[in-house]
Amino acid sequence: MTSLTLCHAEPRRLGPLGTASALLLPIAVVNAIGFLWPVVNLLKMSFREAQASGALGAGYNLDTWTNALTDSFTLELITNSVGVSLLITVLTLIASYPIALYLHRSTGTWRTVLMVLVVAPLLTSAVVRTYGWIAILSDRGLVANALMALGMAEPPRLMFNLTGVVIGLTEILMPYMILALLSGFGRLDPRLEEAALTLGASPLKTFWRVVLPLTAPGMALGGLLCFVLAISSFVTPKLLGGGRVFLLATEIYDQAIVTLNWPLAAALSMIVLVVFGISLTLYARALRRIA
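Only a predicted model underlies this, so the values are computations on that prediction, with no experimental measurement involved.

S.K.: Please set out the environment of T70 residue by residue, giving values where relevant.
M.R.: Residue placement: T70 occurs in helix 3 (residues 63–70). Considering only alpha carbons, one finds T70 and L214, 144 residues apart in sequence, at a separation of 44 Å. Side-chain polar atoms of T70 contact the backbone oxygen of T66, separated by 2.5 Å.

Here it is, written out as structure tokens:
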């Protein structure tokens, strides 16, 4: 009788909390191994003692963080990196918004062609695209030759300075901004624009009072994505800046590979993560206000 009862016992079912835990366990393990563990090791490294030979001392101290947070160069580096990334984000939004809006309103084959053109740059390495900008912005490049052909004796320098970095990163980040904007254009209903125009609103006022607020979530998402990518970008600032534009990503590379000051490179990396966290917090607050 006992064995019969055991054979017919119902299988144990997980509750809602147990089901959620079972589903989240794999991704939690992957994040712990692939993200949290390296970040913790990076944080520990930032407190190690840096030796002149490039080796890490056995002890832990606050010297690296104290020097980093009190050094005027590091503070200026953080300020410049955030400012340049914000400038690139704004320029990318201005350049991408009309394209995304036109693409959102397109239909049929033309929309497919435009989507392919938007996604196509993502299939090319950022290194290749950066070298393409070198050919365009160099002293004897396409832009300089065109300006000299128009009569300008000495064209402005567009490479190895901040101008080249901003131009290159703005173009490279445009596909990400366009796709983010398109993902947030779902609330944009053409009937609302027609209603505003019917009630006497001008096209400009309709855009400002109807279209722009409805597309604000996409703008916030695109702004977050481009800001994070801009402040963490290394290849384009390194090549187009020519070592004359100092940003957080390039300085982390120099400290880790050139100077062999791994604790300082780890500390700067943690500062970048803090900037990411602040950006996500501001994005979440902005999304709650505009949603």
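S.K.: Can you break down the environment of I178 residue by residue, with the values?
M.R.: Of note, I178 is situated in helix 8 (residues 162–183). Along the backbone, I178 and M270 are 92 residues apart, and their C-alpha atoms lie at a distance of 29 Å. In this structure, I178 is in contact with S96, I99, A100, L103 and V118, ignoring residues within four places of it in sequence.

S.K.: How would you sum up the packing of helix 5 (residues 108–119) against helix 8? Please name residues and give values.
M.R.: Two numbers describe how helix 5 lies on helix 8: the axes approach to 9 Å, and their chain directions differ by 135°. Compared by their axis directions, helix 5 and helix 8 come out oblique. Seen from helix 5, the contacting residues are M115, V118 and V119; seen from helix 8, they are P175, I178, L179 and L182.

S.K.: Kindly report on the packing of aromatic side chains, identifying the contributing residues and their values.
M.R.: Tallied over the entire structure, the rule returns five aromatic pairs. Between the aromatic rings of Y97 and F185, the centroid separation amounts to 5.8 Å while the plane-to-plane angle is 65°, which identifies the pairing as edge-to-face. Of this pair, Y97 sits in helix 4 (residues 72–105) while F185 sits in the loop between helix 8 and helix 9 (190–198); the two residues are 88 residues apart in sequence, bridging distant segments of the chain. Given the relative accessible area of 8%, Y97 is considered buried. Taking relative accessible area as the criterion, F185 reaches 0% and is therefore assigned buried. Taken together through their ring pairs, the aromatic side chains of Y97, F185 and F207 make up a single cluster. Over the aromatic face of Y60 sits the side chain of R48, whose NZ or CZ is 5.5 Å from the ring centroid.

S.K.: Could you give me a rundown of the side chain of S81, with the residues and numbers involved?
M.R.: If you trace the backbone, S81 turns up in helix 4. Accessibility expressed as a relative area gives 1% for S81, which makes it buried. With near-sequence residues (within four places) excluded, S81 lies in contact with I231, L247 and L248.

S.K.: Tell me what's going on with the layout of surface pockets, and back it up with residues and numbers.
M.R.: By volume, the largest pocket is sized at about 370 Å³. Lining the largest pocket are 17 residues, with L86, T89, G223, L224 and F227 positioned closest to its centre. Those elements that place two or more of their residues in the lining of the largest pocket are helix 4, helix 11 (216–231) and helix 14 (262–290). Take the lining of the largest pocket: its biggest share by element is six residues, from helix 14.

S.K.: Break down the pairing of strand 2 (residues 56–60) for me, with residues and values.
M.R.: As judged from the two bridges shared by strand 1 (residues 48–50) and strand 2, these two strands associate in the antiparallel manner. For A50, the partnering residue across the bridge sits in strand 2 and is L56.

S.K.: So what's going on with empty space enclosed by the protein? Residues and values would help.
M.R.: The gaps of empty space that remain are located by a probe, the size of a water molecule, rolled over the atoms. Going through the model one piece at a time under the given rule, you end up with one cavity of 30 Å³ or more. In terms of lining residues, the largest cavity is bounded by S81, V84, S85, A230, I231, S233, L247 and A249. If one sorts the elements of the lining of the largest cavity by residue count, helix 4 sits on top with three residues. In terms of residue class, the lining of the largest cavity is made up of five nonpolar, three polar and no charged.

S.K.: Account for the pattern of salt bridges, with residues named and values stated.
M.R.: Summed over all chains, the structure comprises five salt bridges. We note a salt bridge from E193 to R105, for which the minimum N-O separation is 2.5 Å. Of the two residues, E193 is situated in helix 9 and R105 in helix 4; the sequence distance between them amounts to 88 residues. Residue classification places E193 among the buried residues on the basis of a relative accessible area of 14%.

The rules we used
- Residues numbered from 1 in each chain as written.
- Predicted model: local features only at pLDDT ≥ 70, side-chain atom pairs only at ≥ 80, totals over all residues.
- Heavy atoms only, no water.
- Helix = DSSP H or I, 4+ residues; strand = E, 2+ residues; numbered from the N terminus.
- Polar contact = N/O pair within 3.5 Å; in protein donor to acceptor, adjacent residues only side chain to side chain.
- Contact = heavy atoms within 4.5 Å.
- Axes fitted to C-alpha atoms, helices over the stretch in contact; angles between N-to-C directions.
- Parallel < 35°, antiparallel > 145°, perpendicular 65-115°, else oblique.
- Phe/Tyr/Trp six-rings, centres within 6.5 Å; stacked < 30°, edge-to-face > 60°.
- Buried < 20%, exposed > 50% of the residue type's maximum accessible area, 1.4 Å probe, protein only.
- Lys NZ or Arg CZ within 6 Å of the ring centre and 35° of its normal.
- 1 Å grid on protein atoms, 1.4 Å probe; cavity = no way out; pocket = protein on both sides within 12 Å on 5 of 7 lines; lining within 4 Å.
- Points joined across faces, edges and corners; volume = space filled by probe spheres on them.
- Pairing = 2+ DSSP bridges.
- Nonpolar A, V, L, I, M, F, W, Y, C, P; charged D, E, K, R; others polar.
- Salt bridge = Lys/Arg side-chain N within 4 Å of Asp/Glu carboxyl O.

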